[in-house]
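Structural features, examined
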Amino acid sequence: MVIESMQDKVIIAGPCSVETPEQLRATVVPLVAGGIKEIRVGIWKPRTRPGSFEGLGKQALPWVEALGNELEVDFTTEVARPLHVEEALRHNITRFWIGARSTTNPFTVQELAEAMRGLKVSVMIKNPVNPDPALWIGAVERMQAMGIEDIRLIHRGFSNYSDTFYRNSPMWQLPISLKTHFPDLPMLCDPSHICGRRDTLAQVAQMAMDLNFDGLMVETHHQPDAAWSDAVQQLTPEAFFALLKGLRTVREAV
Ligand code: PEP
Ligand code: MN
């Protein structure tokens, strides 16, 4: 259950990728039963190198739409091209996120912003893969210039050349500086893509709570080890709720 102390946080959970209707249902039903109101799903997957699972694409949209209607829950998905926005909207998905690779590219962000111009959509903007706050700020400004008001930020860490403890370095000072720059925009943390493995998720999620982040986005899968993408970092819904339960928020500390 989403515990009382987390009620004022935005908590998003769901699989890295939609794989099958059965996997989607088996993962999402327990999340919704536990009180999660916004579910993440990857439909178009930006894989760094070709050859791995790149998402089911529009084939998954009817499954997502039907489950959303049945469970009365909102889904959010990554969009990287105007076509993704159009196809998702056709299936009543109006919540999107811009992935870390897309945020690095002003042309891409501009095209996405134009595809959403004047629409009542919600957009989360992940930090760029490289630690450049100006690209992150610029992506927000491009969305705002198209009249998008419901904007949130997601901190998912920054890529490295060498092997590091975390898959993507948190560099906490960067999201903190963005929080200062955009005091009205909620800042969420995505510990799954920072950590790249499940055993360190709790410590990163706790750090985000200590810094008074506004929420978390965590990858969950009913059978994480069998996941078609990001298997080592996903949590079962049960482990995810246990993680939430173990977190202390700033509100509890004062
Ligand atoms: C994701 O959230 O599944 C994803 C691909 O994230 P990122 O853009 O942070 O790598
Ligand atoms: Mn992932």
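The following refers to the structure shown. (Residues numbered from 1 in each chain as written. Chains lettered and ligands numbered in written order. Predicted model: local features only at pLDDT ≥ 70, side-chain atom pairs only at ≥ 80, totals over all residues.)

Quick notes on the overall build of the protein chain
Assigned secondary structure in the protein chain consists of 11 helices and eight strands. What you see for the protein chain is a C-alpha radius of gyration of 17 Å, in line with the 18 Å of a compact globule of 254 residues. When each of the 254 residues of the protein chain is scored for burial, the buried share is 43%. (Helix = DSSP H or I, 4+ residues; strand = E, 2+ residues; numbered from the N terminus. Rg over C-alpha atoms; globule rule 2.2 N^0.38 Å. Buried ≥ 20, exposed ≤ 12 C-beta atoms within 10 Å, placed from the backbone.)

As for the packing of helix H3 (residues 82–90) against helix H5 (residues 106–115)
Two measures define how a pair of helices packs: the angle their axes make with one another and the distance between the axes. In the contact formed by H3 and H5, the axes pass within 8 Å of each other and the chain directions differ by 30°. By the angle class used here, H3 and H5 are roughly parallel. Of the two elements, H3 crosses H5, and the hand of that crossing is right-handed. Between H3 and H5, the contacting residues are Pro-82, Val-85 and Glu-86 on the first element and Glu-111, Leu-112 and Ala-115 on the second. (Axes fitted to C-alpha atoms, helices over the stretch in contact; angles between N-to-C directions. Parallel < 35°, antiparallel > 145°, perpendicular 65-115°, else oblique. Left-handed = near helix turned anticlockwise from the far one by under 90°. Contact = placed C-beta atoms within 7 Å.)

So, the site of ligand 1
Surveying the vicinity of ligand 1 reveals the residues Cys-16, Gly-42, Pro-46, Gly-99, Ala-100, Arg-101, Lys-126, Arg-156 and His-193. For the shell around ligand 1, the residue count by class is three nonpolar, three polar and three charged. (Near = placed C-beta within 6 Å. Nonpolar A, V, L, I, M, F, W, Y, C, P; charged D, E, K, R; others polar.)

Let's talk about the environment of Ser-102
For Ser-102, the position within the fold is in helix H4 (residues 100–103). Considered as a pair, Ser-102 and Ala-80 are 22 residues apart in the sequence and their alpha carbons are 6.3 Å apart. Apart from residues lying up to four places away in sequence, Ser-102 is in contact with Ala-80, Thr-108 and Val-109.

Some details on the environment of Leu-211
Examined against the element boundaries, Leu-211 turns out to sit in the loop between helix H9 (201–210) and strand E8 (215–219). Here the alpha-carbon distance between Leu-211 and Asp-74, two residues 137 residues apart in the chain, equals 27 Å. Apart from residues lying up to four places away in sequence, Leu-211 is in contact with Trp-172 and Ile-176.

Comments concerning the nonpolar core
Of all hydrophobic cores here, the largest spans 61 residues; its most connected members are Val-64, Val-123, Ile-125 and Leu-188. Of the residues forming this core, the biggest block, five residues, is contributed by H9. Once residues within four sequence positions are removed from consideration, Val-123 is found in contact with Phe-96, Ile-98, Met-116, Met-143, Ile-148, Asp-150 and Ile-151. (Core = buried A, V, L, I, M, F, W, Y, C linked by C-beta atoms within 7 Å.)

Thoughts on the pairing of strand E3 (residues 74–78)
Where a strand is regular, its side chains alternate between the two sheet faces. For E3, the tally of buried residues reaches four of five residues, placing the bulk of the element in the interior. Summarising the sheet, E3 and strand E4 (residues 95–98) pair through three bridges and their orientation is parallel. Residue pairing across strands places Thr-76 opposite Arg-95, the latter belonging to E4. For the crossover from E3 across H3 to E4, the handedness is right-handed. (Pairing = 2+ DSSP bridges. Right-handed = clockwise from strand over helix to strand, strands pointing away.)

With respect to H5
Taken together, the buried positions of H5 are occupied by Thr-108, Val-109, Leu-112 and Ala-113. Take H5 and look down its axis: the buried residues cluster within an arc of 130°, on one side only. Facing away from the buried side of H5 by over 90 degrees, the exposed positions are Pro-106 and Phe-107. (Arc of directions from axis to C-beta.)

Here we look at the sheet that holds strand E7 (residues 187–189)
Read around the closed barrel, eight strands run E1-E2-E3-E4-E5-E6-E7-E8, paired in parallel fashion. The mean angle between the axes of side-by-side strands here comes to 25°, regardless of whether they run parallel or antiparallel.

A look at unusual backbone geometry
Note: most residues except glycine have negative phi, and most peptide bonds are trans. A positive phi angle, near 55°, is found at Glu-72, a position not held by glycine. A positive phi is found at Asp-230, a non-glycine position, where the angle reads about 50°. In this fold, Asp-230 is placed in the loop between E8 and helix H10 (237–246).

Some thoughts on the packing of H5 against helix H6 (residues 133–145)
Closest axis-to-axis distance for the H5/H6 pair is 9 Å, and the angle between their directions is 25°. The angle between the axes of H5 and H6 places the two elements in the roughly parallel class. Helix-helix and strand crossings are classified by hand; for H5 and H6 the assignment is right-handed. When H5 is examined against H6, the residues Pro-106, Val-109, Gln-110 and Ala-113 are found in contact with a partner set consisting of Gly-138, Ala-139, Arg-142, Met-143 and Ala-145. Of the residues belonging to the contact of H5 with H6, the class tally is six nonpolar, two polar and one charged.

Some words on the pairing of strand E2 (residues 38–41)
Both strand E1 (residues 10–14) and E2 contribute to a ladder of two bridges, which runs parallel. Paired with Ala-13 across the strands is Ile-39, a residue of E2. Read from E1 through helix H1 (residues 21–33) to E2, the crossover connection turns out right-handed. Two elements, E2 and E3, share four bridges in a ladder whose sense is parallel.

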